[in-house]
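One letter stands for each residue in the lines below.
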Amino acid sequence: MSSSSMTQDDAPDNSSNATNSVPLSVATQAFRHIRYVWVILFLLGLSFNLITAFTSAIWFDESYSIALAHHSLADIWRIGSADVHPVLYYWMLHGVVTLFGQNPIICRLFSVAGLAACAALGWIFVRRDIGYKTCLGYTFIVLFSPWALAESVDIRMYSWAAFFVMFTFLMCSRIARHVLNDTQEDIPLQWWIGAFVGAIACAYMHYFSCLAAALCLLFVLIALIAGHAARPKTPYIKRQFICFGVGLIICILAYMPWLHVLFAQVSHVRQGFWISLTFPDTFLDIALFPAFNETIESLVSGGNGLIWQVVCLSALSAFVAACLAALVLAGRNACMPLFRRGEGQKFSHIKQILIKSVFVLVSPSVAAGFVYIGTIVISLIISLSISPVLMARYLFVAIGPFAIMISTIFVRARRPFVVSVGIASLSVLALCSQINSAIAAYDPLNERAIAYYREVTQTEDGHLPVVVGVNVYSDIQPAGILAVKVPEVSITLDNTYVYPKGDYDAYEAFSPALTISDERRPGALEDYQGKFVCVTNGTKEDPIFEGYPGTAVDYAATSYNASGIMESESFYIPYKSLKLTITVMER
């Protein structure tokens, strides 16, 4: 069975094999015009993502990325080990920060480059391996889905993790299909290298991308086993088993230095993690991925007014209906050939079904679903047995396989109206998400807190001391942002009041702008007299703890033995909806 026969509704591009002496068919000439459509789609999508890329506002996770990337490679490994993610992205960002400094816009453009690279795989590989239609659908989903618009400009690892997962998937898909073809030619070495190098990169990028890469390698193993069953004692299959085994050993050896960190992080997460698994919210987010990002969720809930709510609800309902209709139609069109007895086959009908089932499994659309859905299932099992880790944002690393899966479903549905509804509804959601994200990203309120902070900390001799740590896990969010945006002002994270035995090694990323007081000190301002600044998360009216009669500011004043509060201002940062309070006290 050839790869082209697996997707009869969408032909791979073989135009590069044509010679000048052989005229191209009318169909091939028509396909060649689609490359211009793809270029327009790619440039339009890239420009659409860049709309929100030029804001200097950052949220805590982005501040952590920038701060950690400023350290040496060795320190990134050491400090990052105390966090909950691998460190490859921070190493990559280190190169950007080294060349251009801690510029949020440059760092944001680096994330956009990751999504652009992921989308480019559509033309480079998807077009050749599956077909033009799936290539266009893949590129559209990767560039225009609401979650893509959010993560493409997020100074985090997700866009580059998506690239590595998709590259690994494409290499593994080629290998698996080649194994089951009738050809006896050895699999090209560059495919094996690409698959295992990509898998190693996935493992060091994010744990969800590590999981997705493992599933990619798993369906290669399944293809090898099926190939051996169909052609037992064939030297060709044995050689491919050897290649797979050697590559797998190299992957394991390459990951060995991080294994002890992985076990330590798992132990840390078992003690408590900020992610919660709630019903039905978590499962609704997963079911509506990638159309239902945080912005769309806010619009659907009515947070921005009735008009936005009605438009987004209508578009979301239309998109879900189109996906369900396409799934039913594609299933009807694709399932029956699986159970037809092949002519001239020497094995039983049951064995034929099993062999054909594996052929279906390694077809790009089904293999993509295997990787995407498998990632969800395994992460759900981990969430239920160890600690909640499943969230829609983490699934973005598998946006590529998802895009292949859903695009192929729409192609095989063979209903232009259903495809049109899917494209139109997702476009409306993308437009709604990007308009509201741009409004928040470029809101002048984003810089008010930074300007005020610079003003109140400035003195004739330098800067006032700044403390955070009334509630460490909460207050570190504004503190991290301020440490990156205003690095000349020193901040002391005092963990002695609420969590005297807390482990905050990961926050060393913000050094030297932010330092952590050790537990032997009774407080960050033990011997200090005069004015100082206290930063807390939330507004000045928010309670510090449930049941505590006063506010966070009151609690801070008592904790630091302040003789009085000179001024206190609360700020709302529309970008990622952050609230913080900056208070000037005296003791």
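Keep in mind the model is a prediction, meaning the values are calculated, not measured.

Criteria and cut-off values
Residues numbered from 1 in each chain as written. Predicted model: local features only at pLDDT ≥ 70, side-chain atom pairs only at ≥ 80, totals over all residues. Heavy atoms only, no water. Helix = DSSP H or I, 4+ residues; strand = E, 2+ residues; numbered from the N terminus. Buried < 20%, exposed > 50% of the residue type's maximum accessible area, 1.4 Å probe, protein only. Contact = heavy atoms within 4.5 Å. Areas by Shrake-Rupley, 256 points an atom, 1.4 Å probe, with all protein chains shown as cover. Phe/Tyr/Trp six-rings, centres within 6.5 Å; stacked < 30°, edge-to-face > 60°. Lys NZ or Arg CZ within 6 Å of the ring centre and 35° of its normal. Pairing = 2+ DSSP bridges. Axes fitted to C-alpha atoms, helices over the stretch in contact; angles between N-to-C directions. Left-handed = near helix turned anticlockwise from the far one by under 90°. Nonpolar A, V, L, I, M, F, W, Y, C, P; charged D, E, K, R; others polar. Right-handed = clockwise from strand over helix to strand, strands pointing away. Salt bridge = Lys/Arg side-chain N within 4 Å of Asp/Glu carboxyl O.

Novice: Can you help me understand the overall build of the protein in this one?
Specialist: Along the protein, the regular secondary structure elements total 22 helices and 6 strands. Across the 587 residues of the protein, 53% fall into the buried class. For the protein, contacts bridging at least 24 residues in sequence account for 77% of all contacts bridging at least 6. When the accessible surface of the protein is summed, it comes to about 25,700 Å², and 64% of that surface belongs to carbon and sulfur atoms.

Novice: Can you help me understand the packing of aromatic side chains in this one?
Specialist: Think of a pair of aromatic rings as described by two things: how far the centres are apart, and how the planes are tilted against each other in angle. A full pass over the atoms with the stated rule returns 33 aromatic pairs. Between Tyr89 and Tyr90, the ring centres sit 5.8 Å apart and the planes meet at 65°, which makes this aromatic pair edge-to-face. Per residue, the accessibility class of Tyr89 equals that of Tyr90, and both read buried. The rings of Phe60, Tyr64, Tyr89, Tyr90, Phe110, Phe125, Trp160, Phe163, Phe164, Phe167 and Phe510 are connected pair by pair, giving a single aromatic cluster. Between the NZ or CZ atom of Lys576 and the centre of the ring of Trp59, over which it lies, the distance is 5.4 Å.

Novice: Any chance you could explain the sheet that holds strand E3 (residues 514-517) here in plain terms?
Specialist: Across a sheet, strands are paired by hydrogen bonds formed along the backbone, either parallel or antiparallel in direction. Read from one edge of the open sheet, 6 strands run E3-E2-E1-E4-E6-E5, paired in mixed fashion. A strand with exactly one partner marks an edge of an open sheet, and here the two such strands are E3 and strand E5 (564-573). Adjacent strand axes in the sheet meet at a mean angle of 25° when their direction is disregarded. Examined bridge by bridge, strand E1 (residues 466-468) and strand E4 (residues 531-537) share 2 bridges and lie parallel to one another. Across the sheet, residue Val466 finds its bridge partner in E4, namely Val533. On top of the sheet, helix H20 (residues 445-457) reaches E1, strand E2 (491-494), E4, E5 and strand E6 (578-586); it is set at about 155° to E5, its chief contact.

Novice: Explain the packing of helix H9 (residues 158-180) against helix H10 (residues 189-205) to me, please; I cannot follow it from the model alone.
Specialist: Where H9 contacts H10, the two axes come as close as 8 Å, and the packing angle between them is 145°. In this structure, the crossing between H9 and H10 has a hand that is left-handed. Here H9 contributes Trp160, Ala161, Phe164, Val165, Phe167, Thr168, Met171, Cys172, Arg174, Ile175 and His178 to the contact with H10, which in turn contributes Gln190, Trp191, Trp192, Gly194, Ala195, Gly198, Ala199, Ala201, Cys202 and Met205. Residue composition of the contact of H9 with H10, grouped by class: 15 nonpolar, 5 polar and 1 charged.

Novice: How should unusual backbone geometry be read in this particular structure?
Specialist: If a residue is not glycine, its phi is most likely negative; likewise, a peptide bond is most likely trans. That bond from Phe279 to Pro280 is cis: its omega, 5°, falls within 30 degrees of zero. Cis geometry marks the peptide bond from Ser511 to Pro512, where omega comes out at 5°. Locating Pro512 in the fold gives a position in the loop between E2 and E3. The phi angle at Lys576 is positive, at roughly 70°, despite the residue not being glycine. Checked against the element boundaries, Lys576 lands in the loop between E5 and E6. In this model, Ser577 sits at a positive phi of 55°, which is unusual for a non-glycine residue. Checked against the element boundaries, Ser577 lands in the loop between E5 and E6.

Novice: Hey, could you run me through the pairing of E2 in this one?
Specialist: Remark: a regular strand shows side chains that alternate across the two faces of the sheet. Covered by surrounding structure in E2 are Ile491 and Leu493 together with Thr492 and Asp494, the residues of both alternating faces. Across 3 bridges, the pairing between E1 and E2 is parallel. Looking at the pairing, Val466 lines up with Ile491 of E2. In terms of handedness, the path from E1 via helix H21 (residues 472-485) over to E2 forms a crossover that is right-handed. Pairing between E2 and E3: 4 bridges, direction parallel. Paired with Thr492 across the strands is Thr515, a residue of E3.

Novice: Got a minute to help me understand the pattern of salt bridges in this structure?
Specialist: Pairing between side chains of opposite charge can happen when the charged atoms of each approach one another. Scanning the model with the defined rule gives 10 salt bridges in all. A salt bridge links Arg78 to Asp75; the nearest nitrogen and oxygen atoms lie 3.3 Å apart. Remark: Asp75 and Arg78 occur in helix H4 (residues 73-80); sequence separation between them is 3 residues, near one turn of the helix. By relative accessible area, which is 43% here, Arg78 ends up partly exposed. Judged by relative accessible area, which is 27%, Asp75 ranks as partly exposed. If you follow the salt bridges from partner to partner, you end up with Asp61, Glu151, Asp154 and Arg393 in one network.

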